[in-house]
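# Observations on the three-dimensional arrangement
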Amino acid sequence: MREQLLAFVSKRGTLLEPEAVEYLLAQQDPMVPLERFLSSRHDMPFVVTLHDVMQAVDLARRAAAQVRPVTPAAPLAVPASVLPASFRRLAEKASDHSPEVEILRDITGRSTCEGTLEDFTRYFRHRFTTLSRMLRSRREMGGAQEIAKARRSTHEVRFIGIVADVRTTKNGHRILELEDETDRISALLLADSPLAAETVVSDEVLGVVGTVNDRGLVIAQSLVRPDIPVARPFHGTSDHIRAAFVSDIHVGSNTFLDEKWSKLTAWMGSDDEVARSLRYLVVSGDVVDGIGVYPRQDEELAIDDIYEQYEDLARKMAALPDHVTVVMIPGNHDAVRPAEPQPALPQPIQKLFDSNLIFAGNPSLVGLHGVKVLAYHGRSMDDFVSSIPGMNYHRPLDAMKEMLRMRHLAPIYGGKTPIAPEAEDHLIVQDVPDIFATGHVHAVGVDTYRGVVLVNSSTWQAQTPYQKMRNIEPMPARMPIVDLATGQAVIKEF
Ligand code: D5M
Ligand code: FE
Ligand code: ZN
């Protein structure tokens, strides 16, 4: 493990203080706090100190200490591999339509944070203000009070807070600690009430309706999420052109599924009506396997040079038909900072690709023929899975629905998802998208939530030794396709 730690930091171009090495080696999982610390940094420090790793270990421990129950949901519906006849019949030729791509929201070129304490304060203030504004527009939160006022009330109270802590008592009740800029308050969710089924994660912003008891504790009656207010009809194009979704290609890995990808390429270039209707291909991150992303990755690489990995991918993209416009965002394996929001792939890498490829950050809101697509790699699903019992890697759509309810792509701070404290919280779901696309978990699924089409886009990598060890069974080589006129989604298997 010592060698792994040292190799890991040296690949990142930094050093570890000897005391920091010893401290890390005494931890259960030494890589986790180290990764966390390095990814929270904007620049690479010359040396990582004992103080740095102690803080990171402490944060990781606090994040791991929270366990919350959830009710099991219905099994994920995966549509049949045969594309429905109506979907085939309505297909229009993408080549008859020129691309209309607009990047509506993206951090690329706008990052300002340096990771100072002031940055963190400003970041969370922006998160709180923006989400509480959304909550205040909800009917249930009309007349919401500041926490300092609510504490002193003897009647029903309504207030908005950021979740500082969630814990379960020995009787199975849950206690939320909530904060706003004025004060902090505890709210009790009784085990035998409907609130027992509510998912609550740390650092989300929510509204509480309840009554204050004589000890200043709020007995919650209901929780209110910013959510997507009402189900809307799909706001689509007039023509039946389609967008396809892939992610987690992991080019360069020795588990990359070459044959499956060749099948995809052949099908896309064929005269199949559905293939010819593909106007866009959204690529949601982990486009290559990268270098030094996890310990001893070099043993699992078929291409061990980062530029060569992207060159190989560029050739694969160039082999796709001209009527498909590709929009690509990075993921946690790509050659950009790991902290989210991640900017688009850097210029030297973009130059390897044909000029018609469009690069954007992770996350990005992109207009495709006027249809708003929110593309996010989905790293935060690791944190949803580890902090909400009942969530798992096979059911990414459950986590995606929670993200929309919370109007935040990565609410849990200090877990596996590194977050850069930008001046504005770019992970807030500001605009309601028409389509919400993620990847990362190497599963696949399509669904809708209050009129938003949800897509999780599989992988082109077979099960890795790490996933085998963790019992993560991928569902590779499946491609969701969405009709931009109706929002109808299907999955094509290869
Ligand atoms: O992630 C691919 C899958 O493996 C995804 O389901 C998450 C899981 N994974 C990967 N690394 C970790 C760690 N460190 N902890 C927990 N789960 C993990 P990918 O981003 O392609 O590596
Ligand atoms: Fe991946
Ligand atoms: Zn990933």
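Quick summary incoming for the structure in this document.

Around the iron ion (ligand 2), the protein supplies Asp 248 (OD), His 250 (NE2), Asp 286 (OD) and His 442 (NE2) as donor atoms, at distances of 2.0 to 2.3 Å. A separation of 3.2 Å is found between the iron ion (ligand 2) and the zinc ion (ligand 3), which share Asp 286 as a coordinating residue. On the criterion of sequence distance, the pair formed by His 250 in the loop between strand E9 (242-246) and helix H8 (258-268) and Asp 286 in the loop between strand E10 (278-284) and helix H10 (306-318) is long-range, its members being 36 residues apart. Exposure remark for His 250: the relative accessible area of 1% places this residue in the buried category.

Bringing the sheet that holds strand E15 (residues 435-438) into the picture now. Here we have six strands laid out as an open sheet, ordered E3-E13-E14-E15-E17-E16, and mixed in their pairing. This sheet does not close on itself; its edge strands, each paired only once, are strand E3 (101-106) and strand E16 (444-449). Neighbour-to-neighbour, the strand axes of the sheet open up by a mean angle of 20°, direction not taken into account. Here strand E13 (residues 364-368) pairs with strand E14 (residues 371-375) via five bridges, running antiparallel. Along E14, the bridge assignment pairs Leu 368 with Val 371. Across the sheet, helix H13 (residues 396-406) touches E15, E16 and strand E17 (452-457), and the angle it forms with E17 is around 135°.

All right, on to the pairing of E16 then. When E16 meets E17, the two strands line up antiparallel, connected through six bridges. Looking across to E17, one finds that Thr 448 is bridged to Val 453. Where E16 hands over to E17, the hairpin turn is made up of two residues, of which Arg 450 adopts a positive phi near 45°.

The subject of this paragraph is the pairing of strand E7 (residues 205-212). Most of E7 sits out of view: seven of its eight residues are buried. The pairing of strand E4 (residues 156-168) with E7 spans seven bridges and is antiparallel. Across the sheet, Glu 156 pairs through a bridge with Thr 211, a residue of E7. Relative to strand E8 (residues 218-224), E7 is paired through six bridges, and the arrangement is antiparallel. Bridge assignment links Val 209 to a residue of E8, and that residue is Ser 222. What sits between E7 and E8 in their antiparallel hairpin is a turn of five residues, with Gly 216 showing a positive phi close to 80°.

Once that is clear, we can look at the site of ligand 1. Close to ligand 1 lie 15 residues; Asn 332, His 333, His 440, His 442 and Tyr 466 are nearest. In the model, an oxygen atom of ligand 1 is placed 3.0 Å from a nitrogen or oxygen of the Asp 286 side chain. The side chain of His 442 places a nitrogen or oxygen atom 3.0 Å from an oxygen atom of ligand 1. Protein burial of ligand 1: of its 460 Å² of free accessible surface, 85% is covered by the chains. Here the residues of the shell around ligand 1 are counted per class, giving four nonpolar, six polar and five charged.

A separate point is the nonpolar core. General note: in soluble globular proteins, nonpolar side chains tend to be found buried as a group. The biggest cluster of nonpolar side chains holds 56 residues, and the ones touching the most others in it are Phe 245, Ile 435 and Phe 436. Here the element with the most residues in this core is H13; it accounts for six residues.

Moving on, we get to a nonpolar patch on the surface. On the surface, a nonpolar cluster with roughly 310 Å² of combined accessible area is contributed by Leu 15, Phe 46 and Val 47. Tracing the backbone through its elements, the reader meets Val 47 in strand E2 (residues 47-48).

Now for the sheet that holds E9. Within the open sheet, the six strands sit side by side as E12-E11-E10-E9-E18-E19. Their pairing is mixed. Every interior strand has two partners, whereas the edge strands, strand E12 (358-359) and strand E19 (489-493), have only one.

Here the zinc ion (ligand 3) is held by the protein donor atoms Asp 286 (OD), Asn 332 (OD1), His 377 (NE2) and His 440 (ND1), which lie 2.1 to 2.3 Å from it. Counting the intervening residues between successive donors of the zinc ion (ligand 3) yields the motif D-x45-N-x44-H-x62-H.

Omega for the bond connecting Glu 340 with Pro 341 falls within 30 degrees of zero, at 5°, which places this linkage in the cis form. For Pro 341, the position within the fold is in the loop between strand E11 (325-329) and helix H11 (347-350). Residues Asn 362 and Pro 363 are joined by a peptide bond in cis, for which omega reads 0°. Looking at the secondary structure, you find Pro 363 in the loop between E12 and E13. Although it is not a glycine, His 250 adopts a positive phi angle of roughly 55°. In this structure, Asn 471 takes a positive phi of about 65° despite not being glycine. With respect to the secondary-structure elements, Asn 471 resides in the loop between helix H14 (465-469) and strand E18 (478-483). When its relative accessible area of 66% is taken as the criterion, Asn 471 is described as exposed.

Now for helix H6 (residues 117-136). The end-to-end C-alpha distance of H6 is 28 Å, a good match for the 28 Å that 20 residues give at a rise of 1.5 Å each. Listing the buried residues of H6 in full gives Asp 119, Tyr 123, His 126, Arg 127, Phe 128, Thr 130, Leu 131, Ser 132, Met 134 and Leu 135. Check the buried side of H6 and you find it contacts E4, strand E5 (174-179), E7, E8 and H13.

Going through the model one piece at a time under the given rule, you end up with 27 salt bridges. Salt-bridge contacts for Arg 138 lead to Glu 140; the nearest nitrogen and oxygen are separated by 2.8 Å. Glu 140 gets classed as partly exposed once you look at its relative accessible area, which sits at 26%. Among the ionic pairs, Asp 312 bridges to Lys 316, the shortest N-O distance being 2.4 Å. In this pair, Asp 312 and Lys 316 are both assigned in helix H10, four residues apart and thus about one turn of the helix distant.

What counts, and at which threshold
- Per-chain numbering applies: the sequence of each chain, read as written, is numbered from 1 onward.
- Key to labels: chains lettered from A, ligands numbered from 1, both in the order written.
- Where totals are concerned, whole chains, interfaces and linings use all residues; where local detail is concerned, this predicted model gives features only for residues with pLDDT of at least 70, and gives and counts side-chain atom pairs only at 80 or more.
- Only hydrogens and water are set aside when side-chain values are computed; all heavy atoms of the structure are taken into account.
- Counted as coordinating are nitrogen, oxygen and sulfur atoms within 2.8 Å of the metal, or 3.2 Å for Na, K and Ca, while water is not included, which may make sites look incomplete.
- Only DSSP runs of H or I with at least four residues qualify as helices, and only runs of E with at least two residues qualify as strands; both kinds are numbered from the N terminus onward.
- Partly exposed describes any residue whose relative accessible area lies between the buried limit of under 20% and the exposed limit of over 50%, with all areas from a 1.4 Å probe on protein chains only and scaled to the type maximum.
- When DSSP finds at least two bridges between two strands, those strands are taken to pair.
- To get an axis, fit a line to the C-alpha atoms, keeping to the stretch in contact for a helix; angles then go from 0 to 180 degrees between the N-to-C directions.
- Only heavy atoms matter for contacts: two residues are in contact if any of them lie within 4.5 Å across the pair.
- We call a residue near a molecule or strand when any one of its heavy atoms sits within 4 Å of it.
- For this analysis, a polar contact is any N or O atom pair within 3.5 Å, provided that within protein one partner can donate a hydrogen and the other can accept it, and provided that sequence-adjacent residues contribute only side-chain to side-chain pairs.
- For every accessible area listed, the method is Shrake-Rupley and the probe measures 1.4 Å; residues are considered covered only by the protein chains on display.
- Gly is placed with the polar residues, together with every amino acid not listed as nonpolar (Ala, Val, Leu, Ile, Met, Phe, Trp, Tyr, Cys and Pro) or charged (Asp, Glu, Lys and Arg).
- Only buried Ala, Val, Leu, Ile, Met, Phe, Trp, Tyr and Cys residues count toward a nonpolar core, and they belong to the same one when joined by side-chain atoms within 4.5 Å.
- A residue counts toward a patch only above 30% relative accessible area and without a salt bridge, and it is joined to like-charged neighbours within 9 Å or, for Val, Leu, Ile, Met, Phe, Trp and Tyr, to nonpolar neighbours within 5 Å.
- What makes a salt bridge here is a side-chain nitrogen of Lys or Arg within 4 Å of a carboxyl oxygen of Asp or Glu, nothing more.
- One less than the residue count of a helix, multiplied by 1.5 Å, gives the span that helix is expected to have.

Geometric values such as these leave the question of function open.
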